[in-house]
Amino acid sequence: MNPRRVSVALLTLAALGISLPSSVAAGDPHAKPWWGNGEKLQFAPTGSVAAQNIALNDSPPVYEDQENVGSQVTVYINWIKGAGDDEWRSHYGSSWDDKINAAVERADDEMYGQFGIDFRIWAYKAWDTYPNGPRTCDSIMTELKNDVGVGATNGGDTVVGYTGGTISNAAGCSVAHYALLEIQGSTIAEEKYNEWVTTQHEYGHLYNADDRYGADAAIHPNDVMEDPYGSPDTWCHDPRWNDWGLIYNARATYE
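The sections below set out a description of the structure shown in this document. (Residues numbered from 1 in each chain as written. Predicted model: local features only at pLDDT ≥ 70, side-chain atom pairs only at ≥ 80, totals over all residues. Heavy atoms only, no water.)

1. A look at the nonpolar core
Ranked by internal contacts, the top residues of the largest apolar core, which has 33 residues, are V104, M111, F119, Y162, Y203, Y207 and I247. Taken together, the elements giving at least two residues each to this core come down to α3 (86-92), α4 (96-107), α5 (109-115), β4 (117-127), β5 (158-163) and α7 (188-206). Ignoring sequence-local partners within four residues, the contact set of I247 consists of M111, F115, I117, G204, Y207, A209 and W235. (Core = buried A, V, L, I, M, F, W, Y, C linked by side-chain atoms within 4.5 Å. Buried < 20%, exposed > 50% of the residue type's maximum accessible area, 1.4 Å probe, protein only. Helix = DSSP H or I, 4+ residues; strand = E, 2+ residues; numbered from the N terminus. Contact = heavy atoms within 4.5 Å.)

Right, dumping it as structure tokens:
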């Protein structure tokens, strides 16, 4: 690889406000840009996840491009732009992108293990929310989409955007190619757990799984699509809902 061309490419990306993960900047062969190929806004509820499950954080995320690659015959890569707004960056300081990386990677461990879907960070992007604007999920999602693009022109398949402010009517939401989430929790451990579990819930929406709360909750088998996400890493096989089957059938959506 020509070092001069790499330097020019990095300067060009910097001018666009895009920072590459260190693995890409260092020429990691696993971290290659991938260009993505009806829109219903899906909402995550406002309740915080069950505190007793926070211990799951003790397991570090698995980077599937480096481990377990032989366990899947076909891998479906979804290249992610991890985006942190001004409030997220203020809350986490210089580690704001590391927090995004941890949530994105931990959330996809079972997506990879069960479906072969591998979310990989393509770039990190800083974005801003209007300080006096409405804090509904759909209004903040509009800001995210205006600030951070994806596709053949902008790069990446999906934007996973994180805000440090409160979303007034949801903990998160998603549409095709975009997911948006807020910080939840009163301790560092709660924040960390809530971020990856809510991210995993939104991943489910990106692959056609629906919300399973309200009238369904009493009889629906526990899985991550339920409020309050008390069963992460699980998607039901019950034929009345079949969240597992919905995701499996949509696993090539972002190829």
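2. Quick notes on the packing of aromatic side chains
Considering all chains together, one arrives at 10 aromatic pairs under this definition. On the basis of an interplanar angle of 80° and a centroid distance of 6.3 Å, the ring pair of W96 and Y124 is categorised as edge-to-face. Taken together, the residues W96 in helix α4 and Y124 in strand β4 connect sequence positions 28 residues apart. Assigned by exposure class, W96 and Y124 land together as buried. Considering the side-chain rings of W244 and Y248, the 5.1 Å spacing of their centres and the 10° angle between planes classify their relative orientation as stacked. Residue W244 and its partner Y248 are both found in helix α8 (residues 243-249); the two are separated by 4 residues, about one turn of the helix. These aromatic residues form a ring-pair network of at least three members: F115, W235, W244 and Y248. Taking the ring centre of W196 as reference, the NZ or CZ of R106 above it sits at 3.8 Å. (Phe/Tyr/Trp six-rings, centres within 6.5 Å; stacked < 30°, edge-to-face > 60°. Lys NZ or Arg CZ within 6 Å of the ring centre and 35° of its normal.)

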